[in-house]
Amino acid sequence: FSSGMVVRTFDEECAFVKQVDDCSYAIEKGFVPNMRVPGHFYVNDEIKELLYDELRQFTKAGGASGQGGFLPAMKQIANVAALPGIVGGAL
């Protein structure tokens, strides 16, 4: 998993997430340290709103501190993309 947490604003975090089409998104390398491949996720509008709300709350709290170990889904996908041996994209 990532070796350290990078603290960024919500807008800075969102710059790493690109919409591919109506329901798919790509998380670019660099969203978390040591990502080896991009991450990908598929959502409808309702789930998209929830994922971005998670990320917004996480950044407001300054990252991992004070969150009781909670990581937003986008960060979890990016952590999978940082695992040794991963070859394709993380879903």
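Computed from a predicted structure; not experimentally measured. (Residues numbered from 1 in each chain as written. Predicted model: local features only at pLDDT ≥ 70, side-chain atom pairs only at ≥ 80, totals over all residues. Heavy atoms only, no water.)

S.K.: Help me out: how do you make sense of the side chain of S24 in this one?
M.R.: You can see S24 is positioned in strand β2 (residues 24-27). When residues no more than four places from it in sequence are discounted, the contact partners of S24 are K18, Q19, F41 and Y42. (Helix = DSSP H or I, 4+ residues; strand = E, 2+ residues; numbered from the N terminus. Contact = heavy atoms within 4.5 Å.)

S.K.: Just to check I follow, could you spell out the environment of Y52 for this structure?
M.R.: Inspection of the secondary structure assignment puts Y52 in helix α2 (residues 45-60). A relative accessible area of 15% places Y52 in the buried class. Sequence separation between Y52 and P72 is 20 residues; the distance between their C-alpha atoms is 8.7 Å. Beyond its immediate sequence surroundings of up to four residues, Y52 is in contact with F10, C14, V17, Y25 and M74. (Buried < 20%, exposed > 50% of the residue type's maximum accessible area, 1.4 Å probe, protein only.)

S.K.: Please clarify how the pairing of β2 should be interpreted in this entry.
M.R.: Residues S24 and A26 point to one face of β2 and Y25 and I27 to the other, with burial holding for every one of them. One ladder, built from three bridges, connects strand β1 (residues 17-19) with β2; its direction is antiparallel. Considered in β2, the bridge of K18 is made with A26. Following β1, the chain reverses through four residues before pairing antiparallel with β2. (Pairing = 2+ DSSP bridges.)

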